[in-house]
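Structure at a glance
Spelled out, the chains give:
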Amino acid sequence: MESTENTAPISLQSKRELFFKSDTVSGGGVSASVPPSAAPPAPPSTLKDALSKRSATLPEPQETNHVEANGIATKHSNSVSVDVSKPPSTAPPPTPAPPVPISAPPAPVPTPLRSTENIMKKPEHPPVAPKPDLPKIEKPKTKELDGYVGFANLPNQVYRKAVKKGFEFTLMVVGESGLGKSTLINSLFLTEVYDKDKHPGPSLRVKKTVGVETSVVLLKENGVNLTLTIVDTPGFGDAVDNSNCWQPIIDFVESKYEEFLNAESRVARKAAPPDTRVHCCLYFIAPSGHGLKPLDVEFMQRLGDKVNIIPVIAKADTMTPEECKDFKEQIMKEIGQHKIKIYDFPESTGEEGDGADVTKSLRARVPFAVVGANTVIEQDGRRIRGRKYPWGIAEVENLEHCDFLALRNMVIRTHLQDLKDVTSSVHYENYRCRKLAGLSHDGKPHRTNSNKNPLAQMEEEKREHDLKMEKMESEMEQIFQTKVRDKRAKLKESEAELARRHEATRRALEAQARELDERQRALNAERAAWERDTGLSLDDLRRRSLEANSKETVDGKEKKDKKKKDWSFKSVATGISI
Ligand code: GDP
C-alpha cells in the first residue's frame, strides 16, 4: 500500500490549492473532477514566482483518496472519470486586492446575516427600507507597494494553522431503520465508518425507543485531519406510536449547544472550545413516491430551526427517473407548504465561472436522491461502486443515476465550512438567545409555560441561580487552588535553589579557609627552618635591623650638621649670606 504522502513531495502552495480548491463536477454528465494527488508543481522559491507559475502549472485533476480510519490506513482509488473539457477551479491567489479607482462606484450593501427565516426561501420582493442620510465615510485608498513586503503570505499562514489544528465535523443521520443510512455514510467517506461487526443489520438494531448514538472517526486525506462524528438515531420512526420520537434528538442537539455555551462561559475558558455541535442532519425520506409522511413533516418542522437539515431520498434506485423527478417536486412543494426550514445551500461559494455554475446546478438537485453501496463492481476495466441488477448497474458515483456525488460534493467539498458557520452563527445563536432570555425551546418564556405556583417557580429559579453560583464558586476555588499550588511549587523551587547556592558558597569559603591554614602552616615551617639554618630568630633580625636603621639616621644627621657648618663658614668668608 502506498501512501499519498510518499508519492511526491507536495508543496505548501499546492496543498493550499487542494485545501481551498472546490470541486468541479459537471452538472449533467457522468464526470466529476477531484483533487489532484499526482506530483504537484515543485515548491516555488518565492511567492511571486508561485503566483506567476500557478496558472501555468496546474496539475491534471485525478484522485487517489487516502483515508485513514480508526488508525487503519486504507487506500481507495476513485473510479470516477474526469471531465477534461472543464478546467479545474483553483483557489484565488493570495495577492493583495487590486487597487480601487478613486471614482469607483459605491460598494454594494452587504447582504444581512442569514437567519433561520431566510434559510428556507428568500423573499421574492424584499422590503426596501429607506436609507438614512449617514455621513459619508471615505474608503481608504489601496496603495500599490514598490516591493514585496510579505503579507501576501497571510493565506498560507492561515492554511498552515488550520491544517495543524485539524477540522471537526458532526453529521447526524435520521430516518427509519433500513433506509440505508449506514451504507450511505460508508460510501460518503469511502471507509468503514460503520463496522459490520460493531454495527449489525437494521433488524437487529431496531429499538423500542429512539436512542442517539455517536461514533467518532479520525479521517486523514492529503495531510488534512478531520475528526468526524456520526450521530445515529436508531429506533426513529420504528415504533407503532411515533409521537414525540423527535424529542430525544432535539434534546441531543440542544445538549451539545448547552455544552458549548457552558464551555464558552466558563471562568477559565479555552480559546476555542471543542465543537461537538451537530453541523448537518441528513434526513432520510423513504422512496414511497407519495410525498412526505406526517412524521417527516413533524420532524423537519421541529428541528428546522435547530440544525441544518438536508433532505435525502433514500434508495433512489427503487424509482424510475421520472418517478424520482415527480417525487422530488412533490417533496419540495410540501416543504414549502409546511414552511419547513431546510439548509439553503448558498448560491455563491466565493467561486467564479464554472465553479459557481456547478454549485447552482447541484443546488437544484435538492432533495438529493441517493443510492448507497459498499461493493465495488468491475465493468469494462472500470471499478464502480454500485448496486448490480440483472438489467444493469446503478452506479453510486454517477450523476445520471443518482445525486450521491452532488450530495457528497456539496456537503463535504464545497459547503462543509458554510454548514459549520450557519450552525454557529444562526442555530447556536438562536439557542443562546433563547437560553439567555429564559425561553424554552418552543420560544415561550419559562415562567408562563408552567402551571406552577409563582412562589414555587421563584424558589426553583433561586435554587437554579444558587446552583449556578455554587458551580462558578467551585470553579473559581479550583482556579485559586491551582494558582496557590503553582505558587507554592515555585516558592519551594526557589527555596531549594537558595539552599543549594548557600551550600555552595559555604563549601567555597571552607575550602578557602583550609587553603589559608595550609599556607600559614607552610610559612611557619619555612620560618622555623630559616631560623634553624641561620641561628637567628626573626625577632633578633628585626631588632638588629632597627638598630642599624637608627645608627644610619644618627650618622646622616651628624654629616648634615657638619656640612651646614662648612657652608656657613664659607659664606662668612665670602660675605654671602645663605
Ligand atoms: P440503516 O438501518 O438505515 O443504517 O440501513 P443500512 O445501511 O443498514 O441498509 C439497509 C439495507 O438496505 C441493506 O441491505 C443495504 O444493502 C440496503 N441499501 C442501502 N442503501 C441502499 C440503496 O441505495 N438502494 C437499495 N436498493 N438498497 C440499499
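Owing to the predicted nature of the structure, the values given are computational and were not obtained by experimental measurement.

The next point concerns the site of the ligand. Taken together, 15 residues surround the ligand, and among them G178, S182, T183, D317 and G372 come closest. K315 has a polar side-chain atom sitting 3.2 Å from an oxygen atom of the ligand. Within the side chain of Y389, a nitrogen or oxygen atom sits 3.4 Å from a nitrogen atom of the ligand. Surface burial for the ligand is 79%, taken as the share of its 580 Å² of free accessible area covered by protein chains. Elements supplying a minimum of two residues to the shell around the ligand: α6 (181-188), α7 (202-205) and β12 (382-389). Top element by residues in the shell around the ligand is α6. It accounts for three residues. Of the residues in the shell around the ligand, the class split is four nonpolar, six polar and five charged.

A complete count under the given rule lists 26 salt bridges for this structure. With a closest N to O distance of 3.5 Å, K256 and E259 form a salt bridge. Taken as a pair, K256 and E259 lie in helix α8 (residues 247-264) at a separation of three residues, close to a single helical turn. The class for K256 is buried, based on a relative accessible area of 16%. E259 gets classed as partly exposed once you look at its relative accessible area, which sits at 41%. For R506, the salt bridge goes to E510, with nearest N and O atoms at 2.7 Å. Note that R506 and E510 are positioned in helix α15 (residues 454-534) at a spacing of four residues, about one turn of the helix. Overall, the relative accessible area of 37% leaves R506 in the partly exposed class.

For strand β5 (residues 167-174), a buried count of seven out of eight residues is recorded, marking the element as mostly surrounded by other parts of the structure. As paired strands, β5 and strand β8 (residues 280-285) are joined by four bridges and run parallel to one another. Residue pairing for β8: L171 is matched across the bridge by C280.

Membership of the largest hydrophobic core comes to 81 residues, with the highest contact counts inside it found for L282, F299, I310 and L407. Examining the composition of this core, we find that seven residues originate from one element, α8, more than from any other. Ignoring any residue separated from it by four or fewer positions in sequence, one finds I310 in contact with C280, C281, L282, Y283, Y343, F345, F368, L407, V411 and L419.

Bringing the packing of α6 against helix α12 (residues 404-414) into the picture now. Viewed as axis vectors pointing N to C, α6 and α12 meet at an angle of 65 degrees, and their least axial separation amounts to 11 Å. If you check the angle between α6 and α12, you find them roughly perpendicular. By crossing handedness, the relation of α6 to α12 is classed as right-handed. Touching L184, S187 and L188 of α6 are F404, L407, R408 and I412, all from α12.

Attention now moves to the sheet that holds strand β11 (residues 376-379). Strand order in the open sheet formed by three strands is β11-β12-β13, with antiparallel pairing between adjacent strands. If you trace the sheet from one side to the other, it starts and ends with β11 and β13 (392-395), each paired once. Ignoring strand direction, the axes of neighbouring strands in this sheet form an average angle of 70 degrees. Taken together, the four bridges between β11 and β12 define a ladder with antiparallel strand orientation.

Let us now look at unusual backbone geometry. With the exception of glycine, the majority of residues adopt a negative phi angle, and the majority of peptide bonds are in the trans configuration. A cis amide bond links V366 with the next residue in sequence, P367, at an omega value of -5 degrees. One can find P367 in the loop between α11 (354-363) and β10 (368-369). Of note in this structure, K339 is not a glycine but carries a positive phi near 50 degrees. Along the chain, K339 turns up in the loop between α10 (321-337) and α11. Here K339 falls in the exposed class, since its relative accessible area comes to 69%. Positioned with a positive phi, D380 is a non-glycine residue whose angle comes to about 50 degrees. Tracing the backbone shows D380 in the loop between β11 and β12.

Helix α9 (residues 294-303) packs onto α8 with a crossing angle of 20 degrees between their chain directions and a minimal axis gap of 11 Å. If you check the angle between α8 and α9, you find them roughly parallel. Of the two elements, α8 crosses α9, and the hand of that crossing is right-handed. On α9, the residues that touch I249, I250 and V253 of α8 are F299, R302 and L303. For the contact of α8 with α9, the class distribution of residues is five nonpolar, no polar and one charged.

Rules used in this analysis
Throughout this document, residue positions are counted from 1 along each chain, in the order its sequence is written. Thresholds applied to this predicted model are a pLDDT of at least 70 for local features of residues and 80 or more for the giving and counting of side-chain atom pairs; totals over whole chains, interfaces and linings are not thresholded and use all residues. Values shown for side chains rest on all heavy atoms present in the structure; no hydrogens or waters enter the calculation. Neighbouring residues are identified by heavy atoms, a residue being near a molecule or strand if any of them is within 4 Å of it. In protein, a polar contact requires one atom able to donate a hydrogen and another able to accept it; more generally it is a pair of N or O atoms within 3.5 Å, and residues adjacent in sequence count only if both atoms are side-chain atoms. The Shrake-Rupley method, run with a 1.4 Å probe, gives the accessible areas here. Residue values count only the displayed protein chains as cover. A run of H or I in DSSP becomes a helix once it reaches four residues, and a run of E becomes a strand once it reaches two; helices and strands are each numbered from the N terminus. Think of it as three bins: nonpolar holds Ala, Val, Leu, Ile, Met, Phe, Trp, Tyr, Cys and Pro, charged holds Asp, Glu, Lys and Arg, and polar takes everything else, Gly as well. A pair is scored as a salt bridge if a Lys or Arg side-chain nitrogen falls within 4 Å of a carboxyl oxygen belonging to Asp or Glu. Each residue is placed in one exposure class: buried if its accessible area under a 1.4 Å probe, protein chains only, is under 20% of its type's maximum, exposed if it is over 50%, and partly exposed if it falls in between. Here, strands pair whenever DSSP counts at least two bridges between them. We define the nonpolar core as a collection of buried residues of types Ala, Val, Leu, Ile, Met, Phe, Trp, Tyr and Cys that are connected through side-chain atoms lying within 4.5 Å of one another. Here, two residues are considered to be in contact whenever any of their heavy atoms come within 4.5 Å of each other. Here an angle of 0 to 180 degrees is reported between the N-to-C directions of two axes, which are lines fitted to C-alpha atoms, with helices fitted over the stretch in contact. Note on angle classes: values under 35 degrees are labelled roughly parallel, values over 145 roughly antiparallel, values of 65 to 115 roughly perpendicular, and the remainder oblique. Left-handed is the label given to a crossing in which the near helix is rotated counterclockwise from the far helix by less than a right angle, and right-handed is the label when the rotation is clockwise.

Geometry only, nothing functional implied.
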